[in-house]
Amino acid sequence: MSEKHIRGPYPEAAPAALVDTHCHLAIPEFDEDRPEVLSRARRAGVRWFVHAGTNHEDSAEAIALAGQHNDIKVAVGFHPQWIDHRSPNWTRMLERMMSEPAVVAVGEIGLDYYRRSDNKPVQKEAFRSQLDLAATHNLPVVIHCRDAWEDVMTILCRWQESAAFRDSPLARRPVRGVLHAFSGQPSHVRAARDLGFMIGLGGPVTFRNARDVHALVQQLPLDQLLLETDCPYLAPHPHRGRRNEPALLPLACDRIAELCGRTATEIANTTTANAMRCFGLPGPVPTI
């Protein structure tokens, strides 16, 4: 096993069930020990996993993995860094996957001007196309945004004003999606709430120097909060720089509880109830 993998100690189990609303369990970083990774996460209290697709291949692999594990659900989509690798019939391929029982969302989709800013029109076109697919299929969306907040929020606003959205059952859902790995400003949180979007937070909230994130958490309405790992990326303190995995999700839960002056049980129950509303996950909703 790689030196970058966590060798323990793992955190204690969460005091209530958690949902990892954004992970990448089907990718090669977990090929060596995926069964152990899932077992550790379940022992840590993770009740559901939502695998976020980044292209057609890993979305399909995630659907296959979900066929082996009833607690894994899938978002399918093209991440902006992969849009140059789309096949000509990419939207039809995504639509076929959206009919799979394990698929609960479209994502992760959005804009990334940090990695590439030379293809903004192409990124925007792919983003809009996938938003329209989500509306057609009544699925929430998982949004990736890096250095592109104004464009992302403008596109989301125009999408919700469009006929494609207004005529969709998604328009009548209380939650339309999640802004994953949120790094925006308080004004973006308020705009997201007006649009019916939740805020996904994970490992970075535990970083000692993440003052902006800490301040944001203290202002964020808890009914707008989702927990995520984005594993294998963004491992929380004290495992920063190593491979992240869902068993570390309680660390983010504990830190958010500390910042908010709440108990970890309150944060776990609230975020799990939020996730179940967002993604339509089955089972009794936790008491908040």
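Scroll up to find the structure this text is about.
Residues numbered from 1 in each chain as written. Predicted model: local features only at pLDDT ≥ 70, side-chain atom pairs only at ≥ 80, totals over all residues. Heavy atoms only, no water.

Participant: Can you help me understand the packing of aromatic side chains in this one?
Facilitator: The description of two aromatic rings rests on the distance between their centres and on the angle between their planes. Under the counting rule described, the total for this entry stands at 3 aromatic pairs. With a centroid separation of 5.7 Å and an interplanar angle of 85°, the aromatic rings of F78 and W90 are classed as edge-to-face. Taken together, the positions of F78 in the loop between β3 (72-76) and α3 (90-98) and W90 in helix α3 put the pair 12 residues apart, joining distant regions of the chain. A residue is classified by how much of its surface remains accessible, and W90, at 7% relative accessible area, is buried. If you follow R86 out to its NZ or CZ, it ends over the ring of W90, 4.7 Å from the centre. The ring centre of F207 lies 3.7 Å from the NZ or CZ of R240, which sits over that ring. (Phe/Tyr/Trp six-rings, centres within 6.5 Å; stacked < 30°, edge-to-face > 60°. Helix = DSSP H or I, 4+ residues; strand = E, 2+ residues; numbered from the N terminus. Buried < 20%, exposed > 50% of the residue type's maximum accessible area, 1.4 Å probe, protein only. Lys NZ or Arg CZ within 6 Å of the ring centre and 35° of its normal.)

Participant: Help me out: how do you make sense of helix α4 (residues 120-136) in this one?
Facilitator: Helical geometry: 3.6 residues make up each α-helical turn, so side chains three or four residues apart lie on a common side. Look at α4: 24 Å from first C-alpha to last across 17 residues, which is about the 24 Å you get at 1.5 Å a residue. All buried positions along α4 are accounted for by Q123, A126, F127, Q130, L131, L133, A134 and A135. (Expected span 1.5 Å × (residues − 1).)

Participant: Please explain the nonpolar core as it appears in this structure.
Facilitator: In a soluble, globular protein the nonpolar side chains are often hidden away together inside. L25, I143, L156 and L179 are the most contacted members of the largest nonpolar core, which has 79 residues in total. For L25, the residues in contact, after removing those within four places along its chain, are F30, R34, V37, L38, F49, H51, L65, I72, C231 and P246. Core analysis: the second largest hydrophobic core is formed by 16 residues, V50, L226, A275 and C278 among them. (Core = buried A, V, L, I, M, F, W, Y, C linked by side-chain atoms within 4.5 Å. Contact = heavy atoms within 4.5 Å.)

Participant: Explain the packing of helix α8 (residues 211-219) against helix α9 (residues 249-260) here, please?
Facilitator: In helix packing, the relevant descriptors are the interaxial angle and the interaxial distance, both defined with respect to the helix axes. Packing of α8 against α9 leaves a shortest axis separation of 9 Å and a crossing angle of 70°. The orientation of α8 with respect to α9, classified from their angle, is roughly perpendicular. Along this stretch, α8 crosses α9, giving a crossing that reads as right-handed. Residues H214, V217 and Q218 of α8 pack against R255, I256, L259 and C260 of α9. Considered class by class, the residues forming the contact of α8 with α9 number 4 nonpolar, 2 polar and 1 charged. (Axes fitted to C-alpha atoms, helices over the stretch in contact; angles between N-to-C directions. Parallel < 35°, antiparallel > 145°, perpendicular 65-115°, else oblique. Left-handed = near helix turned anticlockwise from the far one by under 90°. Nonpolar A, V, L, I, M, F, W, Y, C, P; charged D, E, K, R; others polar.)

Participant: Help me understand the pairing of strand β7 (residues 197-201), please; the structure alone is not making it clear to me.
Facilitator: In terms of burial, β7 is largely enclosed, as 5 of its 5 residues are buried. Residues F197, I199 and L201 of β7 are buried on one face, and the alternating residues M198 and G200, pointing to the opposite face, are buried as well. Bridge analysis of strand β6 (residues 177-179) against β7 gives 3 bridges, and the strand direction is parallel. What sits directly across from G177, in β7, is F197. In the classification by handedness, the crossover that spans β6, the intervening helix α7 (residues 186-195) and the parallel β7 is right-handed. The pairing of β7 with strand β8 (residues 225-227) spans 3 bridges and is classified as parallel. Bridging across to β8, I199 finds its partner in L225. Each parallel crossover has a hand, and the one from β7 via α8 to β8 is right-handed. (Pairing = 2+ DSSP bridges. Right-handed = clockwise from strand over helix to strand, strands pointing away.)

Participant: I would appreciate a short explanation of the side chain of D112 in the present structure.
Facilitator: Topologically, D112 is positioned in strand β4 (residues 103-112). Given the relative accessible area of 2%, D112 is considered buried. A polar atom in the side chain of D112 sits 2.3 Å from the side chain of R115. Excluding residues within four positions of it along the chain, D112 makes contact with H79, P80, Q123, H144 and R146. (Polar contact = N/O pair within 3.5 Å; in protein donor to acceptor, adjacent residues only side chain to side chain.)

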